Amino acid sequence: MNNIRTELKDTILTITVDRPKALNALNRETLEELKRVIEGIDSGVRCVIVTGGGEKAFVAGADIAAMRSMTKAQAKEFSAFGNGVFRALERLPIPVIAAVNGFALGGGCELAIACDFRICSENAVFGQPEVALGITAGFGGTQRLARLIGEGWAKQLLYTAARIKAPQALEIGLVNQVFPAGELMEEARKIATAIANNGPIAVSATKTALTDGLLLDIDEALILEADRFSTCFETEDQREAMSAMLEKRPANPFQGK
Ligand code: COA
């Protein structure tokens, strides 16, 4: 792969978008590589961290040079392809953390909001500058941003093309936590490790209950929760963790069974 690096450490997979000549901008090749990585994630991975290579950018957007001369038909296909990749990331049965280490503009902001949650460095900058380029957001920004931070802020960001810095991103709920740049990845790994140490069947069921449930009405969503809850029972992990608790002994590590 030319533009994506991966590192598997214990059960945590770090995916780094690494295309320094364009501040990690997403061209077709990068999206295809990302798709391949997502499709190749197996059940041994318990948490994913997505970040950007270099110190300046998470992802500076979809590739403007590649988009400049696109036809309407090519643009529709590019948007559909990018949306498919980000949706696949969102639908992974394991948590995905965005560790945003600099510019997260346009497609970069959209990549971050397709992850389960976001932490960022103090120098992070977020924005949806598409309308300043005469286009709309096309990788989920017109849909996910409002679901995440509410209609008002989403509309303000999408209509103004304003760039916001880490403290404001924190204030409006776009990110959960802000860290000094040098500590971001260590903090991301700490959170990922906490996730990876929990019961993988339970974490996965929690993710699908929550993510899919948000798209349902409350009655259907609670039926989904009961279903996801029940999938955790009769598993070795559930029996062992509950027995250890009641027997006042340390539990054996979770097996994912
Ligand atoms: N697509 C393609 N190339 C991009 C890019 C993008 N989204 N963002 C940055 N690059 C390229 C620049 O063209 C430049 O290439 P060059 O060295 O061949 O000239 C290189 O990355 C470095 O960017 P540069 O603009 O010189 O860095 P900077 O520090 O001055 O500015 C940004 C950084 C992020 C503020 C600026 O690059 C920018 O505004 N990028 C576009 C952001 C955007 O609108 N994204 C949404 C796209 S829909």
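Owing to the predicted nature of the structure, the values given are computational and were not obtained by experimental measurement.

Caption draft 1: Seen up close, the site of the ligand. The ligand sits among 17 residues. The nearest are K56, A60, A62, I64 and R163. Contact with the protein chains hides 60% of the accessible area of the ligand, taken as 850 Å² for the molecule alone. Those elements that place two or more of their residues in the shell around the ligand are α2 (64-67) and β6 (103-105). Partitioning the shell around the ligand into residue classes produces 11 nonpolar, 1 polar and 5 charged.

Caption draft 2: Region of the structure containing the pattern of salt bridges. All told, the structure shown has 14 salt bridges when counted by the stated rule. Salt-bridge contacts for D63 lead to R19; the nearest nitrogen and oxygen are separated by 2.7 Å. In this pair, D63 is assigned in the loop between β4 (57-59) and α2 and R19 in the loop between β2 (12-17) and α1 (28-39), connecting sequence segments 44 residues apart. No difference in accessibility class separates D63 from R19, as the two residues are buried. Where R249 meets E240, a salt bridge forms, and the shortest distance between an N and an O atom there is 2.8 Å. By relative accessible area, R249 is classed as partly exposed at 32%.

The rules behind each value
- Residues numbered from 1 in each chain as written.
- Predicted model: local features only at pLDDT ≥ 70, side-chain atom pairs only at ≥ 80, totals over all residues.
- Heavy atoms only, no water.
- Near = heavy atom within 4 Å.
- Areas by Shrake-Rupley, 256 points an atom, 1.4 Å probe, with all protein chains shown as cover.
- Helix = DSSP H or I, 4+ residues; strand = E, 2+ residues; numbered from the N terminus.
- Nonpolar A, V, L, I, M, F, W, Y, C, P; charged D, E, K, R; others polar.
- Salt bridge = Lys/Arg side-chain N within 4 Å of Asp/Glu carboxyl O.
- Buried < 20%, exposed > 50% of the residue type's maximum accessible area, 1.4 Å probe, protein only.

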